[in-house]
Amino acid sequence: MQTQLSGKQVLAVGLMLFALFLGAGNMIFPPALGQAAGSNVWVAIVGFLITGVGLPLLGVTAIALTGSDLEKLASRVHPIFGIIFTFIVYLVIGPLFAIPRTATVSYEIGVTPFLSEAAKGGNLSLFLTTVVFFGITLWLAMNPSKLVDRVGKILTPILVVVLATLVIKAIITPMGEIGEPAEAYQSGAFFKGFIEGYLTMDTLASLVFGIVVIHAIKNFGIRDNKVLAKATIKAGAIAATGLALVYVSLAYIGATSINVIGQADNGAVILSGSATHLFGSIGTTILALAITFACLTTSIGLVSSCSEYFSKVFPKVSYKTFVIILSIFSMIIANVGLTQLIQISIPVLLMVYPLAIVIMFLSFLPESISGHSSVYVFALIGAALVSIVDGLAYTSLDVSALQDVLSLLPLYSQGVGWLVPSLVGAILGYIIAQLGNKQNGSNALKKAS
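Remember, predicted model here, so these are calculated numbers, not experimental data.

Draft legend 1. Structural view of the overall build of the chain. Broken down by element type, the chain carries 20 helices and zero strands. Here the C-alpha radius of gyration of the chain, 23 Å, is about what a compact globule of 449 residues would show, namely 22 Å. Relative to its 449 residues, the chain shows a buried fraction of 50%. Considering only residue pairs separated by 6 or more positions, the chain has 81% of its internal contacts joining residues 24 or more positions apart. When the accessible surface of the chain is split by element, carbon and sulfur atoms take 68% of a total near 20,300 Å². Taken together, the 21 basic and 17 acidic charged side chains of the chain have centroids lying 19 Å from each other.

Draft legend 2. View of the side chain of Thr297. Its place among the elements puts Thr297 in helix α14 (residues 267-313). Classification of Thr297 as buried rests on a relative accessible area of 19%. A distance of 2.9 Å separates a polar side-chain atom of Thr297 from the backbone oxygen of Phe293.

Draft legend 3. Focus on the packing of helix α6 (residues 98-110) against helix α15 (residues 319-334). It is at 8 Å that the axes of α6 and α15 come closest, and there the two elements cross at 55 degrees. Accordingly, the angle class assigned to the pair α6 and α15 is oblique. Where α6 crosses over α15, the handedness of that crossing is right-handed. For the pair α6 and α15, the contacting residues are Ile99, Pro100, Ala103 and Thr104 in the first and Ser330, Ile333 and Ala334 in the second. Its residues placed into classes, the contact of α6 with α15 shows five nonpolar, two polar and no charged.

Draft legend 4. Summary view of empty space enclosed by the protein. Inspection of the entire model under this criterion finds two cavities of 30 Å³ or more. Reported here for the largest cavity is a volume of approximately 50 Å³. Of all the elements in the fold, those that place two or more residues in the lining of the largest cavity are α1 (7-21), α3 (41-66) and α12 (225-255). No other element matches α12, which puts four residues into the lining of the largest cavity. Per-class residue counts for the lining of the largest cavity are eight nonpolar, one polar and no charged.

Draft legend 5. Main features of the nonpolar core. Ranked by size, the top nonpolar core spans 131 residues in total, and within it Phe85, Tyr198 and Leu204 carry the most contacts. Of the residues forming this core, the biggest block, 16 residues, is contributed by α14.

Draft legend 6. Expanded view of the state of the cysteines. What the rule picks out here adds up to zero disulfides. Free of any disulfide, Cys295 has its nearest neighbouring cysteine sulfur in Cys306, separated by 16 Å. For Cys306, a relative accessible area of 1% gives the class buried.

Definitions and cut-offs
Residues numbered from 1 in each chain as written. Predicted model: local features only at pLDDT ≥ 70, side-chain atom pairs only at ≥ 80, totals over all residues. Heavy atoms only, no water. Helix = DSSP H or I, 4+ residues; strand = E, 2+ residues; numbered from the N terminus. Rg over C-alpha atoms; globule rule 2.2 N^0.38 Å. Buried < 20%, exposed > 50% of the residue type's maximum accessible area, 1.4 Å probe, protein only. Contact = heavy atoms within 4.5 Å. Areas by Shrake-Rupley, 256 points an atom, 1.4 Å probe, with all protein chains shown as cover. Lys, Arg positive; Asp, Glu negative; His and termini not counted. Charge placed at Lys NZ, Arg CZ, Asp CG, Glu CD. Polar contact = N/O pair within 3.5 Å; in protein donor to acceptor, adjacent residues only side chain to side chain. Axes fitted to C-alpha atoms, helices over the stretch in contact; angles between N-to-C directions. Parallel < 35°, antiparallel > 145°, perpendicular 65-115°, else oblique. Left-handed = near helix turned anticlockwise from the far one by under 90°. Nonpolar A, V, L, I, M, F, W, Y, C, P; charged D, E, K, R; others polar. 1 Å grid on protein atoms, 1.4 Å probe; cavity = no way out; pocket = protein on both sides within 12 Å on 5 of 7 lines; lining within 4 Å. Points joined across faces, edges and corners; volume = space filled by probe spheres on them. Core = buried A, V, L, I, M, F, W, Y, C linked by side-chain atoms within 4.5 Å. Disulfide = S-S within 2.5 Å.

Any link to function would need more than the numbers given here.
What follows is the structure, given as structure tokens:
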């Protein structure tokens, strides 16, 4: 049994975590942010890195420090809440958004550039792509094996090399000057980037990936919780550094792309257009193949993981049945298209993300505070009161009256109005817990006397 991980072992776990987070779907957001932020790109990308890189690192660390999985961590609020919240997270990073997104990104980068203008305007090509994509996903997810892991280990380095080549070329021969910021980024670019980081879904995924990292470290013979947590933090730092470099580089490509590509609907269009401009048809083809296979690997992994989870929640339904259900359902959702899928996901992420962040941060507090369920309950109530309204505001529902009231909160206009209410709620929950302890102590003394 080992007492410490070697540097090589820490690096191996860090690269594994980097590969888990570097879902091909995530790479479309930094270019889109860069193009929209324009000259404010560096301010915006800092906000993006906090939610797209920093919080996922904290999420993995939270799971490592507590030695629990997402359901156990969320059960600190209440066991029923733990089950429901975990179920919602798996739906979000699974069949509702993340799995369908792998297919739509593959279509935008791997198929669309090679279609005629007439074919691009129709839905048939997207439908046929999703049928093939999820047909392969279903086939390989039915019998998950080391094949997918091995392919992933090969594809991730290839993808990184392709992206690095694209970025280096863009730096040496820039596509154009950095443009002016869009209206949403003219003021408050930092907080706009912060909210855009939600779209990666990596903070939610980190609460699931954390247990994967723990198992990987334990496989080296590590059993001491302090050593485990320390190794997780080191591995997380390696993954975070890699992700930050990728995201900053892609944001630069987006920021310099406006003159060549024009205003794009999504980041996939920017990446594909940049590859074509910088390397011609060969660049487009290589990027298309790298992204498509990476998305396919991600899709298989997500379908397998979600099917395993849902088959545990509903033991009467087999793993293979869930693979079929999730593959077909994801195929249907994917046919709304990438841009529309992103728009649909925003309200849900605005509601769920603040709750995940609050649970995660409370887990780092001393046991004397985080050991009370009332702290979690009132902190989440404070966050939910704001985040639910924020999410509904992105739908067709009219919640302007509620928004007017909430606008009195600090930082509400910046999109993080939930922060202060959750903090106040946590303090209130702690006070209630202390009063309850005193009352229990008083009652105990009375009985003793």
